[in-house]
Amino acid sequence: MAQNKQLLLQKRPIGLPEKDTWKLVETEIPSPKIGEILVQCEYVSLDPAMRGWINEGRSYIAPVELNDVMRAGGVGKVIESKNATFNVGDYVYGQTGVQQYMLTDGKGYHKVDPSLAPLPTYLGTLGMPGMTAYFGILEVGELKEGDAVLVSGAAGAVGSIVGQIAKIKGCTVIGMAGGADKCKYLIEELGFDGAIDYKNDNVATKIKEYFPKGIDVYFDNVGGEILDLALGRLAMHGRIVICGAISQYNNKTAIKGPSNYMSLLVNRGTMRGMVVFDYAKDYQKAAMQMGQWMLQGKLKSKEDVYEGIENFHDTFLRLFSGEKLGKLVLKVSE
Ligand SMILES: NC(=O)c1ccc[n+]([C@@H]2O[C@H](COP(=O)([O-])OP(=O)(O)OC[C@H]3O[C@@H](n4cnc5c(N)ncnc54)[C@H](OP(=O)(O)O)[C@@H]3O)[C@@H](O)[C@H]2O)c1
């Protein structure tokens, strides 16, 4: 009989997670009680935030406990239902965790339609990263037509959508990514106005060239030195969206703040953090708009899908090596 493969958090890593951070176990597939559904998980979302969830200590969400199933968003199919809201055959999105089967009472789960978009897209552009991009650039970044926008992590799940939304809204958009191929992709496939290869270019020089009048909005996915350089080039009333700081997530020492922060004072600028969950009540509206842009060919969605729950660790590390394009997804069902 089929078993349920589950990935448990075994150890809290210091620095980059190692293979023994996780443990793969096999358990019996559970049966739903009254009010519950059994979901066969098909795809799980691999997100940089997962690195933060396995640290001890206070954050915007409680850490994953040792020996618990690793937390992850996922999409799957309802294969047994004792809950009137969900029928067998429905596809759902929710916090499935990294496992092949899971029971839930359905709270926090919503149905998705695979005839409208491929399932992995519900983990990317039509899911949490897409919502982050939408609310981050439009609301937190207070984007205005004509703004000069810089986005880091631009070939990733959030950044690629941020840049495309800014183009739709009539802005000049420069993306930052690691390597010539990703930079080419930003310009040729996604229609960015320019790109900076932060691994090979002189970033300070390039920012100066691309932003002669300064940066109106910097959408920060990476933190660290790049945040500092962007701060140093802020335009008057410029806005910085603190979405993430992936360059710092595997630090073994405490993060050091940016030294150019006085630019905020000089330029009457703002730097504001965001957490996507705060916008949950408006997700539906945003997803409708994003879907429409996709249908109109204005917004491209790219998912990079790897296979096999046993490959979780190696696939997860791609977030930090950059060996992937767009939204990183793992297919966990067999
Ligand atoms: N605040 C929120 O609510 C929220 C929600 C979702 C995501 N986020 C944050 O948004 C950021 C992007 O998330 P995502 O899901 O879209 O990930 P992603 O961009 O799809 O993947 C991560 C990318 O980061 C780049 N990267 C890795 N290490 C780096 C380093 N040291 N310096 C610069 N770039 C580095 C890599 O691209 P290259 O090849 O270009 O290096 C990699 O592909 C993350 O910081 C994440 O934590 C925040």
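Rules used in this analysis
Residues numbered from 1 in each chain as written. Predicted model: local features only at pLDDT ≥ 70, side-chain atom pairs only at ≥ 80, totals over all residues. Heavy atoms only, no water. Helix = DSSP H or I, 4+ residues; strand = E, 2+ residues; numbered from the N terminus. Rg over C-alpha atoms; globule rule 2.2 N^0.38 Å. Contact = heavy atoms within 4.5 Å. Areas by Shrake-Rupley, 256 points an atom, 1.4 Å probe, with all protein chains shown as cover. Lys, Arg positive; Asp, Glu negative; His and termini not counted. Charge placed at Lys NZ, Arg CZ, Asp CG, Glu CD. Near = heavy atom within 4 Å. Polar contact = N/O pair within 3.5 Å; in protein donor to acceptor, adjacent residues only side chain to side chain. Nonpolar A, V, L, I, M, F, W, Y, C, P; charged D, E, K, R; others polar. Axes fitted to C-alpha atoms, helices over the stretch in contact; angles between N-to-C directions. Parallel < 35°, antiparallel > 145°, perpendicular 65-115°, else oblique. Core = buried A, V, L, I, M, F, W, Y, C linked by side-chain atoms within 4.5 Å. Buried < 20%, exposed > 50% of the residue type's maximum accessible area, 1.4 Å probe, protein only. Patch = residues over 30% accessible without salt bridge, like charges linked within 9 Å, V, L, I, M, F, W, Y side chains within 5 Å. Salt bridge = Lys/Arg side-chain N within 4 Å of Asp/Glu carboxyl O. Phe/Tyr/Trp six-rings, centres within 6.5 Å; stacked < 30°, edge-to-face > 60°.

Observations concerning the overall build of the protein
Thought 1: In terms of helices and strands, the protein carries nine helices and 15 strands.
Thought 2: Expected size for 334 residues packed as a compact globule is a radius of gyration near 20 Å; at 20 Å, the protein falls within 12% of this value.
Thought 3: Structurally, the protein occupies a C-alpha span of about 65 × 45 × 35 Å along its principal axes.
Thought 4: Restricting to contacts in the protein with at least 6 residues of sequence separation, those with at least 24 account for 64%.
Thought 5: Surface accessibility of the protein: about 15,800 Å² in total, with carbon and sulfur atoms responsible for 51%.
Thought 6: Each charge class in the protein can be summarised by its mean position, and for the 37 positive and 38 negative side chains these summaries are 4 Å apart.

Remarks on the site of the ligand
Thought 1: As a matter of local geometry, the ligand sits amid 26 residues, with V158, K182, Y198, Y249 and K324 nearest to it.
Thought 2: Between a nitrogen atom of the ligand and a main-chain N or O atom of C243, the distance comes to 3.0 Å.
Thought 3: Considered on its own, the ligand offers 910 Å² of accessible surface; in the complex 91% of this is hidden by protein.
Thought 4: Of all the secondary structure elements, the ones that give two or more residues to the shell around the ligand are α2 (128-140), α3 (157-168) and α9 (312-321).
Thought 5: In the shell around the ligand, the residues fall into 16 nonpolar, eight polar and two charged.

Section: the packing of α2 against helix α8 (residues 283-295)
Thought 1: Running from N to C, α2 and α8 cross one another at 95°; their axes reach a closest spacing of 10 Å. Taken together, the axes of α2 and α8 lie roughly perpendicular to each other. On the side of α2, the interface is formed by G130, M131, Y134 and F135, while α8 contributes Y283, A286, A287, Q289, M290 and W293.

As for the nonpolar core
Note on soluble globular proteins: their nonpolar side chains tend to be buried together.
Thought 1: Membership of the largest hydrophobic core comes to 46 residues, with the highest contact counts inside it found for V75, I137, V149, L186 and M290.
Thought 2: Broken down by secondary-structure element, the contributors of at least two residues to this core are β5 (91-94), α2, β8 (148-151), α3, β9 (172-177), α4 (180-188), β11 (215-220) and α8.
Thought 3: A per-element tally of this core places α2 first, with six residues.
Thought 4: Excluding residues within four positions of it along the chain, V75 makes contact with C41, E42, Y43, V92, Y93, T96, V112, L119, Y122 and L123.
Thought 5: By size, the runner-up hydrophobic cluster in this structure holds 27 residues, among which are L7, I37, F316 and L319.

What about a nonpolar patch on the surface?
Thought 1: Together, Y261, M262, L265 and V266 make up an exposed nonpolar region whose accessible area comes to about 420 Å².
Thought 2: Within the fold, Y261 resides in the loop between β12 (234-242) and α7 (262-266).

Things to note about the pattern of salt bridges
Thought 1: Applying the stated rule across the entire model yields 11 salt bridges.
Thought 2: Residue K107 pairs with D105 through a salt bridge whose shortest N-O separation is 3.3 Å.
Thought 3: D105 gets classed as partly exposed once you look at its relative accessible area, which sits at 38%.
Thought 4: Among the salt bridges present, the one from E189 reaches K300, with a minimum N-O distance of 3.6 Å. In this pair, E189 is assigned in the loop between α4 and β10 (194-197) and K300 in the loop between α8 and β14 (303-307), connecting sequence segments 111 residues apart.
Thought 5: Using a relative accessible area of 42% as the deciding quantity, one classes E189 as partly exposed.
Thought 6: Take K300: its relative accessible area is 40%, and that puts it in the partly exposed class.

Observations concerning the packing of aromatic side chains
Thought 1: Counted by the stated rule, this structure contains eight aromatic pairs.
Thought 2: Taking 5.8 Å as the distance between ring centres and 85° as the angle between the ring planes, the aromatic pair formed by W22 and F316 counts as edge-to-face. Placement of W22 in strand β2 (residues 22-27) and of F316 in helix α9 is noted, with a sequence separation of 294 residues between them. The same class applies to W22 and to F316, which are both buried.
Thought 3: Seen from their ring centres, Y60 and F277 are 6.1 Å apart, and the 45° between their planes marks the pair as tilted. Here F277 lies in the loop between β13 (270-273) and α8 and Y60 lies in the loop between α1 (49-53) and β4 (74-81), a separation of 217 residues in the sequence.

Everything listed here is a matter of coordinates, which is why it stays silent on function.
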